[in-house]
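Single-letter residue listing:
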Amino acid sequence: MEEALKLDKKYPETLKDEFNIPTFKSMGISSDNSPVTYLCGNSLGLMPRSTRDSIIAELDAWSNCAVESHFCHPKESEGKTPWVNIDLPILPLLAPIVGAQENEVAAMNSLTTNLNSLLVTFYKPTEKRFKILFEKGSFPSDYYAFYNQCKIHGISEPENVLIQVEPRKGETYIKTQDILHIIEENQDKLALVCLPGVQYYTGQYFDIGRITSFAHQFLGILVGWDLAHAVGNVPLQLHDWGVDFACWCSYKYLNSGPGAIGGLFVHSKHTTPDPTKEHLPRLAGWWGNDASKRFQMLENFEPIPGALGFRQSNPSVIDTVALKSSLEIFAKFDGISEVRKRSLLLTNYMVELLEASKYYKHPLKMEKLPHFFTLLTPTAKDEDHGAQLSLYFDSDTGEEGIMSKVFQYLHDHGVIGDARRPNVIRLAPAPLYNTFADVYNAVNALNQAMNKL
Ligand SMILES: Cc1ncc(COP(=O)(O)O)c(C=O)c1O
């Protein structure tokens, strides 16, 4: 613990006081009022303290001025935005987090909805070019979306169209060269490459720039990214990398609350500021239409140039202000590059402590252990991982249920991670609110749990 406390002194730049950290008592673990060790920001980020006030201000506006708040917010003089434009102040905060121009991003819908609507625009199978490359073991929503897009296009056996890249036998994560190899092999048939920025199960951070530019050398292949686990976690350069489209949720590292409003990116090369030019077909709605004509209720769709033209509905005001109060914390921290610096210090410290555990089994270690854990996440290089580490629990002696026992012990000792049954626990130090002491506590509790088995 001494070393962790020293590190907390050396790198004190946490904004944890900006967040509500649950306590043993509030989580029903014990009557202790001390904060738990929350390492689950990869699933649901903690609530910024400012979120409550920003939501209450909108409830007040609704309660006091109702419909008139759409155009004239009662607290406009205090910096509040009329609801008709509620999502616009988000754009300058969001664009730097994903490395986009402001006109390339929109806060809208939720992740799967955005993925589906982007696929409607960008997946245009032809007789020659129709395959989709993604990963084996993808988040199920993504699989369902790709599979059903094929069905919508009349492809009776999507299995023949979907190519799933996977780790080599005995390995836990996917080699970039294997992805590039599959792209090259299928260069004439691929319509789309769509991968996760950071893989939800293993925590692998994909080489987005390299994969995107490699695929783009073959004319006709488009590249999209599901950034659920990457946004707010690792710095992104979507514009410079030439990514065609991307989408994300904001309830993980963006700390915007359960089911919060999602986001999407459409590269400016696919949109045009000239309203007389042909625009990309899309799932359309009035909120994507030219704002100056929106309330004329015309049968004429002239999309707003850029990502905002992909919006369909008016956004949830409450969701949107929750996202804003969280993005302001990123700005306070000097942006995502600074967040990432701290993130690497914390996660690499956790790797160091885990690898020092007598229960840690290196993949090449041959001796048999009654129970052990190993890391699924690639950790040799910083650029291969984000904040999250995925721990795989097992035994060489046939003992079962190790992960569940460890997970329960961690919970009972106030270490909150998440379980992917039957074998995996994911732990993610979130740089905005976690400390080196949190990391130490978690690994210490894990070792104690293993001692007790
Ligand atoms: C990689 C990935 N894709 C898709 C989803 C689905 O998100 P939503 O329920 O917000 O559509 C998640 C949710 O955690 C996810 O992690």
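Procedures and definitions
Every chain is numbered on its own, with residues counted from 1 as its sequence reads. Local features are withheld for residues below a pLDDT of 70 in this predicted model, meaning they are given only at 70 or higher, and side-chain atom pairs are given and counted only at 80 or more; totals for whole chains, interfaces and linings count all residues. Computation of side-chain values: all heavy atoms of the structure, hydrogens and water removed. UniProt positions are given in the numbering used here, feature names are shortened, and annotations may be inferred rather than shown by experiment. Comment: elements are numbered from the N terminus, with helices defined as DSSP H or I runs of at least four residues and strands as E runs of at least two. Contacts: residue pairs with any heavy atoms within 4.5 Å of one another. Aromatic contacts are taken between Phe, Tyr and Trp rings whose centres are within 6.5 Å, Trp giving its six-membered ring; a plane angle under 30 degrees counts as stacked, one over 60 as edge-to-face, and the others as tilted. Classification of residues uses two cut-offs on accessible area relative to the type maximum, computed with a 1.4 Å probe and protein chains only: under 20% is buried, over 50% is exposed, and between them is partly exposed. By definition, being over a ring means that NZ of Lys or CZ of Arg is both within 6 Å of the ring centre and within 35 degrees of the ring normal. Orientation is described by axes fitted as lines to C-alpha atoms, over the contacting stretch for helices, and by angles from 0 to 180 degrees between their N-to-C directions. Note on angle classes: values under 35 degrees are labelled roughly parallel, values over 145 roughly antiparallel, values of 65 to 115 roughly perpendicular, and the remainder oblique. The handedness criterion is simple: a crossing whose near helix is rotated anticlockwise from the far helix by less than a right angle is left-handed, and one whose near helix is rotated clockwise is right-handed. The residue classification treats Ala, Val, Leu, Ile, Met, Phe, Trp, Tyr, Cys and Pro as nonpolar and Asp, Glu, Lys and Arg as charged. All others, Gly included, are polar. We call two strands paired when DSSP finds no fewer than two bridges between them. Relevant arc is that of directions from the helix axis to the C-beta atoms, nothing else.

(A) Local environment of the UniProt feature "binding site: pyridoxal 5'-phosphate" (unreviewed entry) in the chain. UniProt records the feature "binding site: pyridoxal 5'-phosphate" (unreviewed entry) for Leu111, Thr112, Phe139, Pro140, Ser141, Asp142, Asp226, His229, Tyr251, Trp286 and Asn314 in the present numbering. Considering the C-alpha atoms alone, the annotated residues occupy 204 residues of sequence and remain spread out, their largest mutual distance being 30.8 Å. Positionally, Thr112 belongs in helix α4 (residues 111–122). Assignment of secondary structure puts His229 in the loop between β8 (222–226) and α8 (238–241). If we skip the residues at most four places from it in the chain, His229 touches Asn42, Val198, Tyr200, Lys252, Tyr253, Gln388 and Arg426.

(B) A look at the packing of aromatic side chains. One pass over the full model with this rule turns up 18 aromatic pairs. Relative to Tyr144, the ring of Tyr143 has its centre 6.4 Å away and its plane inclined at 85 degrees; by these criteria the two rings are edge-to-face. Look at Tyr143 and you get partly exposed, because its relative accessible area is 27%. On the numbers, 4.8 Å between centres and 70 degrees between planes, the contact of Trp286 with Trp287 is edge-to-face. Note on Trp287: relative accessible area 3%, which makes it buried. Ring pairing ties together the aromatic residues Phe134, Tyr143, Tyr144, Phe146 and Tyr147, which thus form one cluster. The side chain of Arg294 reaches across the aromatic face of Trp287, ending 4.1 Å from its centre. Its end group placed over the ring of Phe372, Lys361 keeps NZ or CZ at 4.4 Å from the ring centre.

(C) Local environment of the packing of helix α3 (residues 91–98) against helix α9 (residues 317–332). It is the contact of α3 with α9, at a shortest axis distance of 9 Å, that shows an interaxial angle of 55 degrees. Put simply, α3 runs oblique to α9. As for how α3 packs across α9, the hand of that crossing is left-handed. Between α3 and α9, the contacting residues are Leu93, Leu94 and Ile97 on the first element and Lys324, Leu327, Glu328, Phe330 and Ala331 on the second. The residue inventory of the contact of α3 with α9, partitioned by class, reads six nonpolar, no polar and two charged.

(D) Fine view of the sheet that holds strand β15 (residues 424–427). Taken in spatial order, the four strands of this open sheet run β11-β12-β15-β14, and their pairing is antiparallel. Of all the strands in the sheet, just β11 (372–375) and β14 (418–420) have a single pairing partner and so form its edges. In this sheet, adjacent strand axes meet at a mean angle of 30 degrees when their direction is disregarded. In this structure, β14 lies alongside β15, joined through three bridges in antiparallel fashion.

(E) Expanded view of helix α1 (residues 2–10). When α1 is considered as a whole, its buried residues turn out to be Ala4, Leu7 and Asp8. Buried positions in α1, seen along its axis, are confined to an arc of 100 degrees and lie on one side of it. Residues of α1 that are exposed and angled more than 90 degrees away from the buried face: Glu2, Lys6, Lys9 and Lys10. At its buried positions, α1 is contacted by α10 (336–355) and α12 (436–452).

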